[in-house]
Every structure is written in C-alpha cells, then in structure tokens.
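Chain residues, written in single-letter form:
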Amino acid sequence: MLRSKFLLPLFALLLALNTLGVAAQDPRADAAYKEGEGLFKAQCTSCHAVNKQVVGPALAKVYERRDADWLRSWIKNSQAVIKSGDPYAVELFNKYNKSVMTSFNLSDKQIDNILTYIKVETEVPAAAAPGAAPAAGGAEATGTNSNMTLFLAIILTLLGVVMLVLSRLTGTLSKLVKEKMGQIVPDSIPLGKILSSKKMAALLILSGCIFLGYATVEQAQMLGRQKDYAPTQPIKFSHKIHAGANKIDCQYCHSGASKGKSAVIPGPSLCMNCHKAIKEGPVYGKTEIGKIYAATGWNPDSMKYLNKTKPVEWIRIHNLPDHVYFNHSQHVVAGGVKCQTCHGEIQEMDVVKQNATLGMGWCINCHRETEVQFKVNNFYKDYEILHEKLKSGAISKVTVEDIGGTECQKCHY
Ligand code: HEC
Ligand code: HEC
Ligand code: HEC
Ligand code: HEC
Ligand code: HEC
Ligand code: HEC
C-alpha cells in the first residue's frame, strides 16, 4: 500500500510530461496552420525559410514588420507594391539586389493561413512538437529534437530510479518505526517482487512506450537527412524520363542553381510549358499528368485555366540544418562542380534518392581534395600570394582548402 503513494505521483508526472508535448503540439494541428504549411512549402520554400535567409528574407516576425493588408498586396503582386513607390518595398527590393519575387494568385484567406504558419513557426519552437508528421515536416529542427529526446529519456530514467530507492527506503523506515513500537512486521518485500508487481510492470511498460515513441519519431525525422532518402512524391515525376530520355537540361527546371543559393524546385506552371501539349505519359497515362492540371487549374478539354489552383506539395529530400550555409552557384558556376558529383546520376532515377550524407566530413573532404580552376577563372584573381607561389613552383595546385574552404565561418552562420 505504502508504495502506491510513490507510484501514483510518478504516474501523474509521466502523464504530465507526456501531455506537455501534446499540448504544445496543438497550434500545429490547426487546420489554418496545415493549409498554410502546405502552401508555404509548395510555393515559398524555393526562396524563403522562416528562420533563415534564402533567396528572399527570413520571414520570421514579418507580421510585425508589416500589417496584413500590406502583406496581402505584396504576396499577390510585389512588383506592383514596389512600383507604387512604397518606401519599405523599394528599400527591400534594392537590398535583395532587385530579385523579383513571383506573383501569387492566392486568396486573402490562403495568405492569412500562410501567415498563421509563419507565426507558429516563429513563436512555437519545433522541438515542442515531437509528434509532427515526419513526411510533411521533412527534417526540420532535428538537432533540438534529439536533445529534447535525450533530455526526456534521462529525466524519466532518473525519476524511476529515485522513486524506487525512495519507496524501498520508506518501507524500511516504517518497518523500523513499527518494530520500535513493538509491532512484528514481516521482512521488507525484495526488489524482485516489487519489479514483478503489477503496478511496477505497468509503469515499466508505460515508460518504455514513451521512450520508444520519442525514439521512433526522432528516427523518422532523421530520415530526412539521410543518404538514400527517397520519399514518394505527390506526382510521380521521373527524372529518367525528363532529364534522361528527353535530355531536358537540369537548369531548365532548377534555374536557381547558377543564380544563387537555392537550386529551386519548379512550380507547376513551368511543367505546363510542355504538358499543355503532352497529356498522357508512357507509364501512368493521364493520372499523373492530370495532377499538374489540377494544380494549375487547367481544363484540358476546354484548354482554359479555371480559377482553382492547388499547390503541389513536393517533399524536400536534401536538407541541411539551419546553421549551415550552402550556395549552389558558388559550386556550380565558380567551382565548376557538376550536379552529378553531389547528387549522383539523377538522370537515371525514376525516384530521386539522396546520394551523399551531406555531413560535415563530406563537404570538408571534397574541399581538401578538389583543385580550384585557379588559372582560368577570373573569380580567383585576388589571391595574389597563391598565384605567385604557383608561378614560382612552390606549390603545384590550389585546393578549395587553400582559399579558406575549411574555415568554420565559411559554412556556419
Ligand atoms: C522566386 C523567389 C521567391 C518566391 C517563390 C517567394 N518570394 Fe517572397 N521574396 C522574395 C524576395 C527576393 C524578396 C525580397 C524583396 C524583393 O527583392 O522583391 C521577398 C520578400 C518577401 C516578403 C517581405 C519580407 C520582409 O522582410 O518584409 C514577404 C512577406 C514574402 N516575400 C512572402 C512570400 C510568400 C508568402 C511566398 C510564397 C507564397 C513567397 N514570398 C515566395 C523572393 C521570393
Ligand atoms: C522537367 C523538370 C526537371 C528537370 C529537367 C530536372 N529536374 Fe530535378 N526536380 C524536378 C522536380 C519537379 C523535383 C521535385 C520532385 C522530385 O523530387 O522528384 C526535382 C527534384 C530534384 C532533386 C531533389 C530535390 C530535393 O528535394 O532535395 C534534385 C537533387 C534534382 N532534382 C536534381 C536534378 C538534376 C541534377 C537534374 C539534371 C540531370 C534535374 N534535376 C533535372 C524537376 C526537374
Ligand atoms: C520540356 C518539356 C517538359 C517539361 C517542362 C515537363 N515535362 Fe513532363 N514530360 C515531358 C515528356 C517529353 C514526357 C514523356 C511523354 C512520353 O514519353 O510519352 C513527360 C512525361 C511526364 C509524366 C508522365 C509519366 C508517366 O510515365 O506516365 C509526368 C507525370 C510528368 N511528365 C510530369 C511533369 C512535371 C510534374 C513537370 C514539372 C515539374 C514536367 N513534367 C515538366 C516533357 C516535359
Ligand atoms: C557541391 C555539391 C552540390 C552540387 C554541385 C549541386 N548540388 Fe544541389 N544540393 C546540394 C546540397 C548540399 C543541397 C541541400 C541544400 C540545403 O539544404 O540548403 C542541395 C539541394 C538541391 C536541391 C533542392 C532544393 C535546394 O536548392 O535546396 C535541388 C533541386 C538541387 N540541389 C539541384 C541541383 C542541380 C540541378 C545541380 C546542378 C546544376 C546541383 N544541385 C548541384 C549539393 C550540391
Ligand atoms: C564535390 C566537391 C564539393 C563538395 C561535396 C562540397 N563543396 Fe563546397 N566547394 C567546392 C569547390 C570546388 C569550391 C570552390 C568554389 C569557390 O571558390 O567558390 C567550393 C567552395 C565552397 C565555399 C566557399 C569557400 C570560399 O573560401 O569562398 C563554401 C562556403 C562551401 N563550398 C560550402 C560547402 C558546404 C557547406 C558543403 C557541404 C554541404 C560543400 N561545400 C560541399 C567543392 C565542394
Ligand atoms: C565545408 C563546410 C563546413 C566547414 C568548413 C565546417 N563545417 Fe561544421 N558542419 C557542416 C555541415 C554540412 C554540418 C551538418 C552535418 C549534419 O547535419 O550531419 C556541420 C555540422 C557542424 C556541427 C554540428 C554537429 C553535427 O554533427 O550536426 C558543429 C558543432 C560544427 N559543424 C562545427 C564546425 C567547426 C567548429 C568548424 C571549423 C573547424 C566547422 N564546423 C567547419 C559544414 C562545415
């Protein structure tokens, strides 16, 4: 009986710890959030993230910088806002080297949902939502999550041990007290018996389940950052058909790769350049191409755009943690590295699969080994000392490491 005094609070504590996670998850279960998330991931992530600058500014707290009306007009047609002479817009446009943000045919409600998503992502730490669906969430905030899991696991184990010790201690104590008062008491129940008691077994199973639950979610989230990750996409788009058999240039679709940081996943309107005419595919007939029509609101019979559009929610495969800076054009243009060196033979894949670990060692090793196109590329004309050494024969080649490619701050914010 005495033991239950300790077991009950332990149960309560465990439950509290568990509901803590569930309660904090709530804003992400909201329908507005979910719609906003879908739209944001399909239409905005090619240029924006909430907490880091990509092609455009980090959108954290943007709802504090501008009011909802301004944001709605901006997202619908940013160029119109800039042309109206709005000083904030003009300054922002100049700051981002006059990069033009795409116009979006979104309703006020859709935009408000995107803002809800941005607000939650700004204000509610991702680590508080260990139950977030890994498929949709990709691999965001894995770092904080793993710390959280470890933290919880340690706390739970410690609590269990403390409770066990305490319960045995009080058992012995009360036995001593009672003996002192002249009562005859049977020997304290041995540890083995406590462990096999029903309550204890239930408790162990419960903590086991909680721990396994966290571990599973954590693993699922890690998947997003792993080599060989190959999720099923919402449209069965095949690189083998497009980049392989039909030899469409990678940068026809991923036009960002030579321009800036992000390679950019193309929107469905780009697919329509060809798929207005190509209505059937060799493997899936009309079903998969039909999804492009659904996304763009195209009616293949009347050959007109109806008004209803629906974003394609591509699942992001490659995903570096937020603290790492990686720039495509630096590698593709300045470095002359081929897409396949990092991404593998994409043109032979029906389903894209992550080819490298994307770990720090992978980046550093290549920087140590790869020679930069020092003599031919104008980009490197400022490195006078290295040029002289090269001329005098003191060194025979210049690697990325020599120009600073293994310095921490080059890759970390
Ligand atoms: C093709 C790239 C691109 C896409 C796609 C894009 N943006 Fe932008 N966005 C920019 C750039 C670049 C800026 C900075 C201003 C400029 O250069 O026009 C910007 C600025 C903004 C701003 C103002 C930020 C501030 O700090 O005041 C908001 C809000 C915004 N974008 C929201 C969105 C939303 C929401 C989406 C998705 C529906 C989206 N953007 C999609 C490129 C993009
Ligand atoms: C016709 C347009 C098109 C062409 C051409 C194309 N891609 Fe893609 N690519 C896409 C689309 C759409 C996706 C998103 C769906 C997917 O992952 O399959 C994508 C995804 C990717 C991804 C994974 C992105 C992520 O989420 O991490 C990589 C890497 C990639 N492409 C590289 C290439 C390379 C390299 C080439 C040239 C050999 C190429 N692509 C040619 C349209 C294209
Ligand atoms: C430059 C032209 C071009 C572009 C752009 C293009 N496609 Fe295609 N697509 C093709 C061709 C060609 C085929 C093959 C048709 C055939 O073999 O009958 C095809 C086939 C397909 C199929 C049918 C697959 C099957 O086996 O049934 C799908 C789905 C598809 N494309 C999706 C997309 C998506 C999504 C985009 C935009 C990201 C896109 N395409 C952009 C040219 C293009
Ligand atoms: C030096 C290695 C390297 C090369 C070369 C490279 N990529 Fe990438 N790519 C990456 C990494 C790393 C990421 C993940 C970036 C992130 O999460 O911020 C990525 C992400 C992507 C994505 C997902 C969207 C994005 O930009 O984050 C696409 C699409 C893509 N690459 C296409 C290409 C294409 C097309 C080429 C060739 C023109 C290319 N890449 C060349 C390493 C490379
Ligand atoms: C296949 C080889 C290769 C891989 C893998 C690679 N890089 Fe690079 N990287 C290069 C080359 C070549 C250059 C030289 C181009 C230049 O000078 O800008 C470069 C340059 C850079 C620079 C600029 C260095 C400077 O001193 O200006 C940064 C930052 C960078 N890489 C980050 C990364 C990150 C982060 C990763 C891993 C996610 C990565 N790279 C993976 C080949 C690679
Ligand atoms: C060439 C690019 C590059 C350079 C240079 C670099 N890092 Fe990293 N670093 C990365 C990448 C990419 C990751 C993400 C690895 C992952 O997600 O597994 C990372 C992750 C980390 C982490 C997080 C631990 C982890 O495994 O996630 C720490 C800490 C770190 N780096 C410290 C440093 C320090 C200190 C230096 C300088 C001595 C440095 N890095 C230089 C690319 C780089």
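All figures in this text were calculated on a predicted structure; none of them were measured in a lab.

Novice: Explanation requested: the confidence of the model for the chain in the structure shown.
Specialist: When the pLDDT values of the chain are averaged, the result is 80; 76% of them are 70 or greater. Scored below 50 in pLDDT, residues 18-24 makes four contacts in the model with residues more than four places away or belonging to other chains. Below a pLDDT of 50 lies the segment residues 128-146, which in the model reaches 34 contacts outside its immediate sequence neighbourhood of four places, other chains included.

Novice: Sorry if this is basic, but what is going on with the site of ligand 1 here?
Specialist: Lining the immediate surroundings of ligand 1 are 22 residues, of which Cys 44, Cys 47, His 48, Tyr 88 and Met 101 lie closest. One nitrogen or oxygen atom from the side chain of His 48 is found 2.7 Å from a nitrogen atom belonging to ligand 1. At 2.6 Å from an oxygen atom of ligand 1 is found a side-chain nitrogen or oxygen belonging to Tyr 88. Listed by contribution, the elements that provide at least two residues to the shell around ligand 1 are helix 2 (31-44), helix 3 (62-65), helix 4 (68-76) and helix 6 (87-95). Residues belonging to the shell around ligand 1 are distributed by class as follows: 15 nonpolar, six polar and one charged.

Novice: Any chance you could explain the coordination of the iron atom of ligand 4 here in plain terms?
Specialist: Between any two of four tetrahedral donors, the ideal angle at the metal is 109.5 degrees; between two of six octahedral donors, it is 90 or 180 degrees. Distances from the iron atom of ligand 4 to its protein donors, namely His 328 (NE2) and His 343 (NE2), fall within the range 2.0 to 2.1 Å. One can describe the donor arrangement at the iron atom of ligand 4 as octahedral, given that its six donor atoms subtend angles of 87 to 179° at the metal. Taken as a pair, His 328 in helix 16 (residues 328-334) and His 343 in helix 17 (residues 339-343) lie far apart in primary sequence, 15 residues in all. The exposure class of His 343 is partly exposed, given its relative accessible area of 22%.

Novice: What is the right way to look at the packing of aromatic side chains in this model?
Specialist: One pair of aromatic rings is described through two measures. These are the centre distance and the angle between the planes. Tallying each qualifying case throughout the model produces six aromatic pairs. Taking the centre distance of 5.3 Å and the plane angle of 45° together, the rings of Tyr 33 and Tyr 117 count as tilted. In this pair, Tyr 33 is assigned in helix 2 and Tyr 117 in helix 7 (residues 108-123), connecting sequence segments 84 residues apart. The exposure classification of Tyr 33 matches that of Tyr 117, with both residues buried. Given a relative accessible area of 3%, Tyr 117 falls into the buried group.

Novice: Where do I start with the environment of Ser 103 in this structure?
Specialist: Here Ser 103 lies in the loop between helix 6 and helix 7. Each C-alpha atom, one on Ser 103 and one on Ala 80, is 9.5 Å from the other, the two residues being 23 residues apart in sequence. Setting aside residues no more than four positions away along its own chain, Ser 103 makes contact with Ile 75, Lys 76 and Asn 77.

Novice: Is there a simple way to explain a nonpolar patch on the surface in this structure?
Specialist: On the surface, a nonpolar cluster with roughly 430 Å² of combined accessible area is contributed by Val 162, Leu 166, Leu 169, Leu 173 and Leu 176. Looking at the element boundaries, Leu 166 is found in helix 9 (residues 142-180).

Novice: Just to check I follow, could you spell out the environment of Ile 241 for this structure?
Specialist: Here Ile 241 is to be found in helix 12 (residues 239-245). As a C-alpha pair, Ile 241 and Pro 282 span 41 residues in sequence and 9.4 Å in three-dimensional space. Those residues in contact with Ile 241, other than ones at most four positions away along the chain, are Asn 246 and Pro 282.

Reading guide: rules and limits
Residues numbered from 1 in each chain as written. Chains lettered and ligands numbered in written order. Predicted model: local features only at pLDDT ≥ 70, side-chain atom pairs only at ≥ 80, totals over all residues. Heavy atoms only, no water. pLDDT = per-residue confidence, 0-100. Contact = heavy atoms within 4.5 Å. Near = heavy atom within 4 Å. Polar contact = N/O pair within 3.5 Å; in protein donor to acceptor, adjacent residues only side chain to side chain. Helix = DSSP H or I, 4+ residues; strand = E, 2+ residues; numbered from the N terminus. Nonpolar A, V, L, I, M, F, W, Y, C, P; charged D, E, K, R; others polar. Donors = N, O, S within 2.8 Å, 3.2 Å for Na, K, Ca; no water. Tetrahedral: all angles 85-135°; square planar, octahedral: opposite > 155°, others 65-115°. Buried < 20%, exposed > 50% of the residue type's maximum accessible area, 1.4 Å probe, protein only. Phe/Tyr/Trp six-rings, centres within 6.5 Å; stacked < 30°, edge-to-face > 60°. Patch = residues over 30% accessible without salt bridge, like charges linked within 9 Å, V, L, I, M, F, W, Y side chains within 5 Å. Areas by Shrake-Rupley, 256 points an atom, 1.4 Å probe, with all protein chains shown as cover. Salt bridge = Lys/Arg side-chain N within 4 Å of Asp/Glu carboxyl O.

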